[in-house]
Each structure stands twice: as structure tokens, then as C-alpha cells.
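As a plain string of letters, each chain reads:
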Amino acid sequence: MTTEAGGMRAAETGTHFDAVVVGAGFAGMYMLHRLRGLGFTVRVFEAGGGVGGTWYWNRYPGARCDVESMQYSFSFSEELDQEWSWSEKYSPQPEILAYANHVADRFELRRDIVFDTRVTGATFDEKAKRWQIETDRGDKVTAQFCIMAVGCLSSPNRPRFEGIDDFKGPIYHTGEWPHEGVDFTGLRVGVIGTGSSAIQSIPIIASQASALTVFQRTATWSVPAWNETLTPEYLKAAKANYPALRAKARARPTGFYFPFNMKPALEASPEERQKLYEEAWERGGLPFLGAFGDLLFEKAANDTIADFARRKIKGVVKDPATAELLCPENVFGCKRLCVDTGYFETYNLPHVKLVDVSKKPIERFTAGGIVVDGQEYPVDSIVSATGFAAMTGSFDKIAIIGRNGLKLSEKWRAGPRTYLGLASAGFPNLFMITGPGSPSVLASMIQAIEQHVDWLVDCLGHMRDVGAATIEARLEDEDAWVEHVNEVSKVSLRSTCSSWYVGTNIPGRPRVFMPYIGGFPVYVQKCNEVMSSGFDGFVLEGAAAINKPPEVRYTERWRVPLDIEVISPAAVAARRVPVV
Ligand code: FAD
Ligand code: NAP
């Protein structure tokens, strides 16, 4: 039942499904595929006009992945791995979207997805033990299971700057970019923000615009991507070893493979550090953080990599005042590290200007510009690269009501509370994929998605096998998990700065470190243990002797041996703090 063309369709009312999935990004797509494998009836609702989620919405110039494409892709089908060929080390958004469409076609996903339809409400009917799901198109359906595949970075943050409605030109958000593209040729453009979306788009916007003004609140750490075309020879060799690469990736704290040096930076001599940083810089990208083992745990160690990266910025940017402004003061890699192509070089162009809004914020928009510290910067178009209400933003937009009228938004008012980032007490049969409290955005997300889906499908298959009606996280186990997630976050320097990881990119949100930073394999082991023990921490109702180990259909491939040599210090530390 596809409405991909966005045309009118009759509202669907009264239909019951085994499962409703909200979202058709990579998470919703894989969930649908696996649920079908169980023989479940499934309806997927997607707000967008097509599959791909992030890659459907984020069409801004320069958008591409920053985990290498050979790893930033599904691993569940070896045939898929073999038949698809990535063109670049970090492939561009159109290609990733084409991949999502290919997956949808190959696994015939579209027939169970309804597009252009936003889920507005989900209410648990305690008597019927079903979820009632409502959409903005008038649909009212029921399902035994409701699975939120709504994405961690899917709710754009659009600050309401004073005078925003006075501005006469267009304002674009990177996360909701027009499908037809935007031509900035000859225009004066203002870009607000210097996170990953901004640093990818700024060099390209600068190549078109007659003048570009970048409004920077916090300087960004960025490492060159050194992106390159993948040759047929490279692809052939890489594909010959694909299963081994995928297995190695699963054992890594980040869920993707790259060389990781466990040696502490502080044990190396300055010369050795310089040499290793240069080598890691030459490899580029996120793996730069793997140069030493203690970089995100010891401030003094972090200072060494920060000094190195500051020297790199100053080596590129010719104007000393601009270079100084571009040098971050916070911990290196504290916010999500950026990966760029020609970002700092852009500031050497005569028509590109950097405006500091860290101490004096943007005052207001006018009809033709942006005012900072009493000075108006004239612009014809504005690009809001201001990020997302991360992790919980898309949950907040749905009225999710569990047992006894409990609202999820109320329960999460002081920060999200989940058991394993999979479920939340009071909300039986409601699951989330890469929810807060799971590694999610701290891992390569497609791996994180696949692990969650495989676990969930084994769980739901088990429930059907034993005739269980509901499953619900136990409050005390959830509390212990939330406590553990908080404790572990304190071992990392990442918890020290303001970022979307902690919700403070948006005023008024509670400061809570939302993803689980204990390392992907440690987390996976915990999930596996919960399953093997017969769903420890969950209450299953509706059948006798149901808390027994399930038949494992898909989780098996996540039973990777924990290789301590490649576990990050965070993971090691995670085991020292009281673990539930
Ligand atoms: P999404 O892709 O966000 O999909 C969620 C879907 O749910 C969306 O299509 C949305 O429309 C839909 N939805 C939400 N609410 C509702 C509702 N109420 N009703 C109906 N539909 C709804 N991660 C990496 O690991 N590596 C990368 O290189 C990387 N690059 C990124 C680049 C950008 C620009 C961004 C923004 C994120 C990037 N990420 C990256 C993170 C990325 O979000 C994930 O990798 C992944 O695509 C998430 O898939 P998902 O299906 O969980 O969520
Ligand atoms: P982001 O990292 O949150 O960056 C938003 C930027 O906007 C920040 O510089 C922020 O400043 C600024 N900002 C927000 N509100 C502002 C205000 N009121 N005034 C001035 N500046 C303001 O968002 P993003 O760049 O969209 O990236 C989000 C995440 O998506 C990334 O961290 C990454 O995980 C993913 N992503 C990945 C890629 C990739 O390379 N593959 C590309 C894009 C996105 P502060 O820092 O001061 O808050």
C-alpha cells in the first residue's frame, strides 16, 4: 500500500497488525524485513515521501557519510554486500539514498510502507493489550507491537531568532533541504552553525555564493576526510574479505573497524606523539581519534591532540585572527568530531567571513540580514545548519501514552529513561530502535540498528512461540540501567562539554548524557545476557513459563567474542563501575 507519489488516499481505520513501525529510515526498513521473515503483518508509517530517513531529508550540498561506506551499510545480507558497489570512500547523500531505495526494491519493502504520513499518537489499550496508532492522515489502526524507528537525528532544531518572519529571503534547514536543490550562484549567503552539516556544506556554498558569512557559536574540531574514489580493484579485494571486515567491526567499541592504538598518549614521547598524530592525520576521518587509547579519558592526553589539531588549523588559515577564532577551546572530540573536505581552506577565500556569536549571540534577523552586536550582515539566503533535537526530539512529537495514562513525554521530562535503550517501563510492547541509553550515535549507526532489530525480532518471535501477550521493562532494572548509563558517561571527557549528546545544544532541555558510552561490544554482551537469561529485566505476561531463553534466530551473529585488546578504555572502565 504505497503512497509514494504523495497522492490522496483513504484513511485506514480498524485494521489490526502484529506490528506497526514508525519511520522508514534504515531502522524501519530492516525492522520490516525481519518482521516479515517471522510472518508478522506489519504497517510502516513514514512522514517523508520515500525511504532512507536521514538520507531522504538531508540533501544539503556536500552531505555524505563520515563512516566509510564499505562499513556504513547493512551487513545482514552477504548477497547485498556483494552486489552493491560504493563509488567513494565516503559516498555522497544521493548514492546513500539510492542504496536505501535499492534495498527497498530488492526486499520488496514498499508494499507495507505508507509514505507522507506522520504518526501523531500511540496509546496502549490495557484491556485489549494493543497499541492504537493515529496519524495525521486520519489513520487509526491497532497493533500488538509498536516499534519506534523514528531516528536519533530526525527532528530539526530551528531556533526562533527574533525577527525571523521579517527576513525576506529563503531560510533553509540542512535537515529539510529542498529536493530540487538550491543554487546559491551570485547570492550573499549566511550560514548559522559550524557542526558536521555546516562544515560539509560551507565549502560548496562558498564556491557558488558571491559572499558567505558564517555565524559561529562554537568552533569545531574537524579532521580531513581525504575522500577518494574506490577503484574496481579495491572493491574486489575488499568484497573478498567482507564477512571478516563485518565481524571485526562488530567487535569494536564503535561498531566499525579502524586501526586503534591502545597505548596512552601520555606514555609516548613528544616526538612519538607527533609522528603518530601525523600518520593518523594522513589517514584522516574519525579514526584520527584512535591515535592513542586515552584521548577521551585523560584531559592532559587530550590536550596533546588538541594542540596538534590547532596547529593544523593555523597552518591552513592565513588570517591569524580568523585562524584563532576557528581554533576550538573545548576537549578534542567532545562534541561529535567533524570530517571535512576543504573546510578550513574555505576561510582563505576573500568573499568568506567568519562572525563570532559565542559571546554576543545573533540579535535578530532583519528583512535583508542578520544582526550581531549591533552590526547588520546583509544576506539574501540563510542556511540554518543548527542541528537537531537529538535522541528524543521525534519521540516528543508523538503523543505516546502507556499504562494508566502515563505519557512518555512526562516520564522523560528530566531526561529519557529506558531499559537498554530498547523499552521503557509503563509502555508494554513499545520498542525503540537505537533509543537513548543504547550506543546508538556513538556507534556506526547501521550496525547499532541491525543489532537492535535482530534482538527485537528474536524477542518477538519468542513471544509468539510461547504465547506471551505483553513484555515490559521492569522499573527497577530500568532505573539501574539509567544509573549505569550516567555512571559510565562520567568516565569520558565527552560528558564535559555542551553538545547534542547531552541535550544542551537547545536551551531548556535537561542535561543528560543520552547515548550509552560503555562501548558497543559491552552493550551487545549485556543484551545477549538478557536474552539468554530469559529476558532478565523484563516482565512477560500471558503464558506460563515464558521467561525462558528463546530460540535465537538472528541474534547469533552478535555473539562476538569480547576482544579486550580492541575494547576502548570506556568499555574497560564500564566494567569497573557498578554494572546492573
Ligand atoms: P532516520 O534515518 O532518522 O529515520 C527515521 C525516520 O522516521 C525518518 O524518515 C522520519 O521521517 C521518520 N519519522 C520520525 N517521526 C515520525 C513520525 N511521527 N511518523 C512517521 N515517520 C516518522 N551515522 C553514522 O553512523 N555514520 C554516518 O556517516 C552518519 N552520517 C550522518 C549524516 C547526517 C547528515 C545525519 C543527520 C546523520 C548521520 N548519521 C550517521 C546518523 C544517521 O541518522 C543514522 O546513521 C541512520 O541513518 C539513522 O537511521 P534511522 O532509521 O534510525 O533514523
Ligand atoms: P550540530 O552538530 O548540532 O551543529 C549545529 C550547529 O549550529 C552548532 O555549531 C551549533 O552551535 C549551532 N547552533 C545551534 N543553535 C544556534 C544558535 N541559536 N545560534 C548560533 N548557532 C547555533 O548539528 P549538525 O551539524 O546537523 O550535526 C548533527 C549530527 O548529525 C552530527 O554531530 C553527526 O552525528 C550527524 N551528521 C553527520 C555528518 C557526516 O559527516 N556524516 C554530517 C552531518 C551531520 P553550538 O555548537 O554552540 O551548539
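Before any of the text, the structure's been laid out above.
Residues numbered from 1 in each chain as written. Chains lettered and ligands numbered in written order. Predicted model: local features only at pLDDT ≥ 70, side-chain atom pairs only at ≥ 80, totals over all residues. Heavy atoms only, no water.

Draft legend 1. Broad picture of the sheet that holds strand β12 (residues 352-356). Within the open sheet, the 5 strands sit side by side as β7-β16-β8-β9-β12. Their pairing is parallel. Among the strands making up the open sheet, the edge pair consists of β7 (171-173) and β12. Sheet twist, expressed as the mean angle between neighbouring strand axes with direction ignored, is 20 degrees. Two elements, strand β9 (residues 211-216) and β12, share 5 bridges in a ladder whose sense is parallel. When the bridges of β12 are listed, Phe215 appears paired with Val355. (Pairing = 2+ DSSP bridges. Helix = DSSP H or I, 4+ residues; strand = E, 2+ residues; numbered from the N terminus. Axes fitted to C-alpha atoms, helices over the stretch in contact; angles between N-to-C directions.)

Draft legend 2. A look at the site of ligand 2. Of all residues adjacent to ligand 2, which total 23 residues, the nearest are Arg64, Ser197, Arg217, Thr218 and Lys335. The contact in question runs from a nitrogen atom of ligand 2 to an N or O atom on the backbone of Asp66, over 3.2 Å. Within the backbone of Ala385, one N or O atom sits 3.2 Å away from an oxygen atom of ligand 2. The fraction of the free accessible surface of ligand 2 (910 Å²) that becomes covered by protein chains is 88%. Residue contributions to the shell around ligand 2 peak at 3 residues, all from helix α5 (residues 196-208). Here the shell around ligand 2 is built from residues that sort into 9 nonpolar, 9 polar and 5 charged. (Near = heavy atom within 4 Å. Polar contact = N/O pair within 3.5 Å; in protein donor to acceptor, adjacent residues only side chain to side chain. Areas by Shrake-Rupley, 256 points an atom, 1.4 Å probe, with all protein chains shown as cover. Nonpolar A, V, L, I, M, F, W, Y, C, P; charged D, E, K, R; others polar.)

Draft legend 3. Representation of the environment of Glu329 in the model. Its place among the elements puts Glu329 in the loop between α10 (320-326) and β11 (338-340). Along the primary structure Glu329 and Ala247 are separated by 82 residues, whereas in three dimensions their C-alpha atoms are 37 Å apart.

Draft legend 4. Examining the pairing of strand β2 (residues 42-45) more closely. Residues of β2 alternate between two faces, with Val42 and Val44 on one and Arg43 and Phe45 on the opposite face, all of them buried. Where strand β1 (residues 13-22) lies against β2, 4 bridges are found, and the strand directions are parallel. Bridge assignment links Val20 to a residue of β2, and that residue is Arg43. Regarding topology, helix α1 (residues 26-37) serves as the crossover connection from β1 to the parallel β2, and that connection is right-handed. Relative to strand β3 (residues 113-114), β2 runs parallel, the two being bridged by 2 bridges. Bridge pairing links Phe45 to Val114 in β3. (Buried < 20%, exposed > 50% of the residue type's maximum accessible area, 1.4 Å probe, protein only. Right-handed = clockwise from strand over helix to strand, strands pointing away.)

Draft legend 5. Structural detail: the sheet that holds strand β14 (residues 369-372). With antiparallel pairing, 3 strands are arranged side by side in an open sheet as β13-β14-β15. Every interior strand has two partners, whereas the edge strands, β13 (362-366) and β15 (375-378), have only one. Mean inter-strand twist for the sheet, computed between neighbouring axes without regard to direction, equals 25 degrees. Looking at chain direction, β13 and β14 are connected through 4 bridges and run antiparallel. Paired with Phe365 across the strands is Ile370, a residue of β14.

Draft legend 6. Broad picture of the site of ligand 1. Of all residues adjacent to ligand 1, which total 32 residues, the nearest are Glu46, Thr54, Asp66, Tyr72 and Met445. In the environment of ligand 1, a nitrogen atom lies 3.1 Å from a nitrogen or oxygen atom belonging to the backbone of Ala47. With respect to ligand 1, the backbone of Met445 contributes an N or O atom lying 2.8 Å from an oxygen atom. Starting from 980 Å² of accessible surface for ligand 1 in isolation, the protein chains cover 96%. Listing elements by their share of the shell around ligand 1, those giving two or more residues are α1, α2 (54-57) and α14 (445-466). Of the residues assigned to the shell around ligand 1, the class counts are 20 nonpolar, 9 polar and 3 charged.

Draft legend 7. Region of the structure containing the state of the cysteines. The full count for this structure, using the stated rule, is 1 disulfide. Across the disulfide, Cys334 is cross-linked to Cys497 (sulfur-sulfur distance 2.3 Å). Across the S-S bond of Cys334 and Cys497 the torsion is about -120 degrees, and the bridge reads as left-handed. Pair noted here: Cys334 is in the loop between α10 and β11 and Cys497 is in the loop between α15 (475-489) and α16 (520-532), with a separation of 163 residues, a long-range link. Like Cys334, the residue Cys497 is buried in the burial classification. Cysteine Cys327 remains unbridged, with the sulfur of Cys338 as its closest cysteine sulfur at 14 Å. (Disulfide = S-S within 2.5 Å.)

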